[in-house]
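Understanding the architecture of this molecule
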Amino acid sequence: MDSSSIFLVLGLALGLLVGGTVGATVFFRRGREVRDIGEENIRANIRLAKEAWEKEQARKEAEMERERSAFQKQMRVEQLEREREWKAERAEWKREYGNQDRSLQDRKKRLQRVENDLAHREQTVAASLKDLAQKEGELESAHERQMQELERIAQLTRAEARANLLAEVEQGARQDVVRVVRDIEAQTQQIADQRAREIISLSLERVASDHVAEQVVSMVSLPSDEMKGRIIGRQGRNIRSIEQALGVDIVVDDTPESIVISCFDPVRREIARMALSVLVRDGRIHPTRIEKEVGKATAAVEETIMDAGQQALLETGIPGLHRELQKLLGRLKFRTSYGQNQLYHAIETAHLAAMIAEELHGDVQSARMGGLLHDIGKAVTHEVEGPHAIVGASIARKYGINQKVANCIEAHHHEVEMASMEAVIVATADAVSGARPGARRISVENYYQRIRELEDVAAEYEEVSQAYALQAGRELRVLVKPHQIDDRGCVDLSEAIADQIHDTLQYPGQIKVTVIRESRSEAIAM
């Protein structure tokens, strides 16, 4: 509501309050006049605002027109500048294109000249080749006439002359090869023997082992012969109980104050020995007591086996083997080969293999482990079929032993090919441990049999006149018939005899085969 309306309403209200019509009329008129004056002022203000806005719009349009004119002028200037630059670039491009066109024309002319020269040279070469072909034909004809003349003079065909020449060259080359091979083998053998003796002697000096190992006892001493009757029992029930519980044979013979335990399994034989020893000391022998003591002896032997395996690992410095491998290793304590204890032999082989590997800069730890476990296959019973080396390698792989050590185990008797230097070292250490003086006991009959077998192998060849086994079977010296074999044949014969010995005979270490061919000429002056 505007101010005039407000005054009109106030005047009317005031007149009513005063109580008179006249007053109301006066106030009403005054309010109308005020309203008319307010409306006129408002219309005047509107006109002034409109005129100011129109002036401002006219000013802005004029300013925009000036800016539009300046922008169009600037655009025309820039367009002219771009046209000038484009014309200059076009002129420059035309100049460059003209220069390149002239350069291409010059190259084309030079290539044409080169092509002409090449065509001329090709014609010259073709003519030269034609002349050379003609001359080659003439030379071949002359060579053919020359060869025919040589054949007529020598009275030999070309094939016969070639065969004679090749035969002479082959014979000379064969003799040279035999001589070179003999020299190289002699030098290599000398160096290898010297180095091998140094390494083996050094290793043996560093290993302090007893020459004779202990034996597994299979005889039980008795306080008196009366104890034999108590062991047998009424109607043989005690001795049957012992044999059934232990799986052994008890031999009660006329030997005073002793009984013999017979069994192919040394572990069972040791259990029987321990159980019988306790029973004899205690004096109470009956089936129930026998079963109790057999159980105690079995537990004691199992503990002894584990202790022996752990002691072997500590002595050789090989930690972390599987418990089953430790158990099998400890069982070797109760096994012997030619009187040599297998556990001591394994420990000695491990030390020897480690020292040889050190001298040859090989894998010492693999050689030591291979030497310790090389006979692990002998710890299992006859129920596992196969050579002990192959069986031992299979067991080692089963319990996490790596491939290199497993190959050392399965190759130490040459059942499989040796895949590393450490396998050769283990086989050598095994042979040294078994062949050193006093390590094993071999009867005289076995020794003579081995010598005869060596000599018989060489005697099978018709070129051999005599054969002698020397150095306790370590060397086989063969004398051949000189008119039936040449020097190269001697080399082949020595290799053939060595291969046959390797394939047919069992022997520790190495056997040297020496073939001797000697020619003698005698004449008598009268």
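The shown structure was predicted, so the numbers you read here are calculated from the model rather than taken from an experiment.

Our focus in this paragraph is the overall build of the protein. Of regular secondary structure, the protein possesses 15 helices and eight strands. Looking at the protein as a whole, 30% of its 526 residues qualify as buried. Looking at the protein alone, contacts between residues at least 24 apart form 60% of all its contacts between residues at least 6 apart. With the model as given, the accessible surface of the protein reaches about 35100 Å², and the carbon-plus-sulfur share is 53%.

The next thing to look at is the sheet that holds strand E8 (residues 512–516). Reading across from one edge, E6-E7-E8 is the order of the three strands in this open sheet, with mixed pairing throughout. A single partner strand is all that each edge strand has here, and the edge strands are strand E6 (464–470) and E8. Within this sheet the neighbouring strands show an average axis-to-axis angle of 15°, counted without direction. When strand E7 (residues 475–480) meets E8, the two strands line up parallel, connected through five bridges. Its bridge partner lying in E8, Leu-476 is registered against Val-513.

On to helix H6 (residues 266–282), then. For H6, with 17 residues, the first-to-last C-alpha span of 24 Å sits near the 24 Å given by 1.5 Å per residue. Considered for burial, the residues of H6 that qualify are Pro-266, Val-267, Arg-269, Glu-270, Ile-271, Ala-272, Ala-275, Leu-276, Ser-277, Leu-279 and Val-280. Phi turns positive one or two residues past the end of H6, at Gly-283, with a value near 90°.

A word on a nonpolar patch on the surface. On the surface, Val-125, Leu-129 and Leu-132 cluster together to form a nonpolar patch covering roughly 290 Å² of accessible area. If you trace the backbone, Leu-129 turns up in helix H2 (residues 21–154).

Take a positive patch on the surface next. Taken together, the side chains of Arg-107, Lys-109, Arg-110 and Arg-113 define a basic patch exposed on the protein surface. Tracing the sequence through the fold places Arg-110 in helix H2. Judged by relative accessible area, which is 42%, Arg-110 ranks as partly exposed.

Pairing is possible between side chains that carry opposite charge, provided their charged atoms lie close to one another. Throughout the structure, instances matching the rule amount to 15 salt bridges. Linking Arg-59 and Glu-63 is a salt bridge whose minimum nitrogen-to-oxygen distance equals 3.5 Å. You can see Arg-59 and its partner Glu-63 sitting in helix H2, four residues apart, about one turn around the helix. In the salt-bridge network here, residues are joined through shared partners; they are Glu-56, Arg-59 and Glu-63.

Once that is clear, we can look at the side chain of His-388. You can see His-388 is positioned in helix H11 (residues 388–398). A distance of 3.4 Å separates a polar atom in the side chain of His-388 from a polar atom in the side chain of His-412. Leaving out residues up to four positions away in the same chain, His-388 has contacts with His-374, Asp-375, Gly-377, Lys-378, His-412 and His-413.

Right, let's talk about the confidence of the model for the protein for a bit. Summing up the model confidence of the protein, the mean pLDDT is 78 and the portion of residues at 70 or higher is 81%. For the protein, per-element mean pLDDT is lowest for helix H1 (residues 3–18), which scores 55, and highest for helix H12 (residues 403–410), which scores 90. Here residues 208–217 scores under 50 on pLDDT; set against residues more than four positions off or in separate chains, the count is 23 contacts.

What follows is about the packing of H6 against helix H7 (residues 287–316). One can describe the packing of H6 onto H7 by two numbers: an axis separation of 8 Å at closest approach and a directional angle of 130°. When the axes of H6 and H7 are compared, the pair comes out oblique. As H6 packs across H7, the resulting crossing turns out to be right-handed. Touching Val-267, Glu-270, Ile-271, Met-274, Ala-275, Val-278, Leu-279 and Asp-282 of H6 are Arg-289, Ile-290, Glu-293, Val-294, Ala-297, Thr-298, Ala-300, Val-301 and Ile-305, all from H7. Its residues assigned to classes, the contact of H6 with H7 comprises twelve nonpolar, one polar and four charged.

Turning our eyes to something else, we now look at the environment of Ala-379. Counting through the fold element by element, Ala-379 comes out in the loop between helix H10 (364–373) and H11. Along the primary structure Ala-379 and Leu-332 are separated by 47 residues, whereas in three dimensions their C-alpha atoms are 5.7 Å apart.

Analysis parameters
Residues numbered from 1 in each chain as written. Predicted model: local features only at pLDDT ≥ 70, side-chain atom pairs only at ≥ 80, totals over all residues. Heavy atoms only, no water. Helix = DSSP H or I, 4+ residues; strand = E, 2+ residues; numbered from the N terminus. Buried < 20%, exposed > 50% of the residue type's maximum accessible area, 1.4 Å probe, protein only. Contact = heavy atoms within 4.5 Å. Areas by Shrake-Rupley, 256 points an atom, 1.4 Å probe, with all protein chains shown as cover. Pairing = 2+ DSSP bridges. Axes fitted to C-alpha atoms, helices over the stretch in contact; angles between N-to-C directions. Expected span 1.5 Å × (residues − 1). Patch = residues over 30% accessible without salt bridge, like charges linked within 9 Å, V, L, I, M, F, W, Y side chains within 5 Å. Salt bridge = Lys/Arg side-chain N within 4 Å of Asp/Glu carboxyl O. Lys, Arg positive; Asp, Glu negative; His and termini not counted. Charge placed at Lys NZ, Arg CZ, Asp CG, Glu CD. Polar contact = N/O pair within 3.5 Å; in protein donor to acceptor, adjacent residues only side chain to side chain. pLDDT = per-residue confidence, 0-100. Parallel < 35°, antiparallel > 145°, perpendicular 65-115°, else oblique. Left-handed = near helix turned anticlockwise from the far one by under 90°. Nonpolar A, V, L, I, M, F, W, Y, C, P; charged D, E, K, R; others polar.

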